[in-house]
Amino acid sequence: MEPMVALRGTPTDEVLQVLAQFGVENILVYGGPGVAHTKYHEYVSLRMKIESFGMKLAAIEGGFSPQIEYHDVIFGGSRQDELIEDLLEQVRDMGRAGIPIYGYNWMPNSWGRAQATIVRGGALGTGYDYEWENSRRPESSPGEEITEDQMWDALEYWIKAVTPVAEEVGMRCGIHPEDPPVPQRGGVPGLFRSFDAFKRLVEITDSDYNAIEFCQGTFSEMPGEDIYEMIDYFGKRNKIMYVHFRNVSGQAPSFNEEFINTGYVDMKKAMRTYRDAGFTGNFIDDHCPLMVDDEDFPGNLGGYRSRLFAQGYIAGVIESVKKEVEYGGPVDMSKVVKGAN
């Protein structure tokens, strides 16, 4: 288990030097099929630049689903086969370039937040309220009424097409949950809003290359679900590719994001659950609150200060739960001295 940092675009030397100084070894870059139409040689160049700073390009994360040109893939339209072939060529380029993981989503309306929320010390977190959003935005759908069955049919068609290609090039592919995990947004159903939905996803084809981009924050937002049970279930089945390790105030239909150590989820308990389920992958500092006078960091929400706090917290929790194995139980880290038994 190791920390990972997400970045937008081609990282600058300064950013990579900062991350190397943080002690980060794994980098995720946003992009991928349908987003930037990046070519094979461009992926290779990106990977080699990151490796030149002693780090690894561990994943690409993006999503063709919000791109209107690919909506026939999501809804099963007339250009479905043509567009899938286009995407599969892009997937092949990624895999051949040595990218081990591709995380994407099935959210044609992208992710959504409606409110800014004041959290600890006056920092700003993002918030969501289902009734607030839907009372202010009329429902609209892409043409005819879209049903869940229609979207599931299109998804299964895609999974059965992409999984053999992913296996061929050795690149795991997985889907991010609906964020927020609500029944519909803008007239479009939200498929991945429950534990059962992800059970159905991983059963479409029995392959480690049909997996989950495990956004713990969004899984924690799922109404009526137990986050620790879901971590355990998918972790033991080797379905978690990597984790968005963030915390939230509660579950949909209304919640806000918090500092990593102030939400309702016990983050150390969560980390223990990953460990005990056999998960050995990476954890991203995701959706950090906006702190006073911070400078934008070219990754997810939150600036340098906020991301550094989250990175330090993640590294500390990982070390702590690893030490518990070494010492045979919970450890008071303040009393752990080098060379002590």
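Engineer: Sorry, what's going on with the sheet that holds strand β5 (residues 115–118) here?
Structural biologist: Note: strands within a sheet are paired through backbone hydrogen bonds, in either parallel or antiparallel orientation. Reading across from one edge, β5-β6-β12 is the order of the 3 strands in this open sheet, with antiparallel pairing throughout. A single partner strand is all that each edge strand has here, and the edge strands are β5 and β12 (254–256). Across the sheet, the mean angle from the axis of one strand to that of its neighbour is 30°, orientation sign disregarded. Examined bridge by bridge, β5 and strand β6 (residues 124–129) share 4 bridges and lie antiparallel to one another. From the neighbouring strand, threonine 117 faces β6, where its bridge partner is glycine 125.

Engineer: Would you explain helix α2 (residues 40–51) in this entry?
Structural biologist: At 3.6 residues per turn, the α-helix brings residues three or four places apart onto the same side. Between its terminal C-alpha atoms α2 stretches 17 Å, which fits the 16 Å expected from 12 residues at 1.5 Å a residue. Residues Tyr43, Val44, Leu46 and Ile50 constitute the buried set of α2. Here the buried residues of α2 occupy an arc of 165° about the axis, which is enough to place them on one side. Exposed residues pointing more than 90 degrees away from the buried face of α2 are listed as His41 and Met48. Along its buried surface, α2 packs onto α1 (13–22), β2 (26–30), β3 (56–61) and α4 (80–96).

Engineer: Would you mind going over the packing of helix α10 (residues 267–277) against helix α11 (residues 304–327) with me for this structure?
Structural biologist: Packed helices, taken two at a time, are described by the angle their axes make and the gap between the axes. The geometry of α10 relative to α11 is characterised by a closest axis approach of 10 Å and an angle of 55° between their N-to-C directions. Taken together, the axes of α10 and α11 are oblique relative to one another. At the point where α10 passes α11, the crossing takes the right-handed sense. Contact residues: Met267, Lys268, Met271, Arg272 and Arg275 in α10; Tyr313, Val317, Ile318, Ser320, Val321, Glu324 and Val325 in α11. A class-by-class count of the residues in the contact of α10 with α11 yields 7 nonpolar, 1 polar and 4 charged.

Engineer: Sorry if this is basic, but what is going on with the pattern of salt bridges here?
Structural biologist: Side-chain pairs of opposite charge can arise whenever the charged atoms involved come near each other. The full count for this structure, using the stated rule, is 20 salt bridges. Among the ionic pairs, arginine 272 bridges to glutamate 324, the shortest N-O distance being 2.8 Å. Of the two residues, arginine 272 sits in helix α10 while glutamate 324 sits in helix α11, which places them 52 residues apart along the sequence. In this structure arginine 272 comes out as partly exposed when scored by relative accessible area, which is 24%. Here the salt bridges share partners, and the residues they tie into one network are Asp179, Glu221, Arg246, Glu257 and Asp286.

Engineer: Help me understand a nonpolar patch on the surface, please; the structure alone is not making it clear to me.
Structural biologist: Together, Ile118, Leu124 and Leu290 line one region of the surface with nonpolar side chains, adding up to about 300 Å² of accessible area. Structurally, the position occupied by leucine 124 is in strand β6. The exposure class assigned to leucine 124 is partly exposed, which follows from its relative accessible area of 39%.

Engineer: Which parts of the structure should I look at to understand the environment of aspartate 286?
Structural biologist: Residue position: aspartate 286 is located in the loop between β13 (282–284) and α11. Sequence separation of aspartate 286 and arginine 305 is 19 residues, and the distance between their C-alpha atoms is 13 Å. For aspartate 286, the contacting residues outside a window of four places in its chain are Cys215, His244, Phe245, Arg246 and Asn300. Side-chain polar atoms of aspartate 286 contact the side chain of arginine 246, separated by 2.9 Å.

Engineer: Help me understand the environment of glycine 95 in this model?
Structural biologist: With respect to the secondary-structure elements, glycine 95 resides in helix α4. Separated by 59 residues in the primary sequence, glycine 95 and alanine 36 place their C-alpha atoms 16 Å from one another. Beyond its immediate chain neighbours, meaning those up to four positions away, glycine 95 contacts Val169 and Met171.

Engineer: I tried to follow the packing of α1 against α11 on my own but got confused; where do I start?
Structural biologist: α11 packs onto α1 with a crossing angle of 30° between their chain directions and a minimal axis gap of 12 Å. As summarised for this structure, α1 and α11 are arranged roughly parallel, according to the angle between their axes. The hand of the α1/α11 crossing is right-handed. Contacts between α1 and α11 involve Glu14, Val15, Val18 and Phe22 from the former and Tyr304, Leu308 and Gln311 from the latter. Its residues placed into classes, the contact of α1 with α11 shows 5 nonpolar, 1 polar and 1 charged.

Rules and cut-offs
- Residues numbered from 1 in each chain as written.
- Predicted model: local features only at pLDDT ≥ 70, side-chain atom pairs only at ≥ 80, totals over all residues.
- Heavy atoms only, no water.
- Pairing = 2+ DSSP bridges.
- Helix = DSSP H or I, 4+ residues; strand = E, 2+ residues; numbered from the N terminus.
- Axes fitted to C-alpha atoms, helices over the stretch in contact; angles between N-to-C directions.
- Expected span 1.5 Å × (residues − 1).
- Buried < 20%, exposed > 50% of the residue type's maximum accessible area, 1.4 Å probe, protein only.
- Arc of directions from axis to C-beta.
- Contact = heavy atoms within 4.5 Å.
- Parallel < 35°, antiparallel > 145°, perpendicular 65-115°, else oblique.
- Left-handed = near helix turned anticlockwise from the far one by under 90°.
- Nonpolar A, V, L, I, M, F, W, Y, C, P; charged D, E, K, R; others polar.
- Salt bridge = Lys/Arg side-chain N within 4 Å of Asp/Glu carboxyl O.
- Patch = residues over 30% accessible without salt bridge, like charges linked within 9 Å, V, L, I, M, F, W, Y side chains within 5 Å.
- Areas by Shrake-Rupley, 256 points an atom, 1.4 Å probe, with all protein chains shown as cover.
- Polar contact = N/O pair within 3.5 Å; in protein donor to acceptor, adjacent residues only side chain to side chain.

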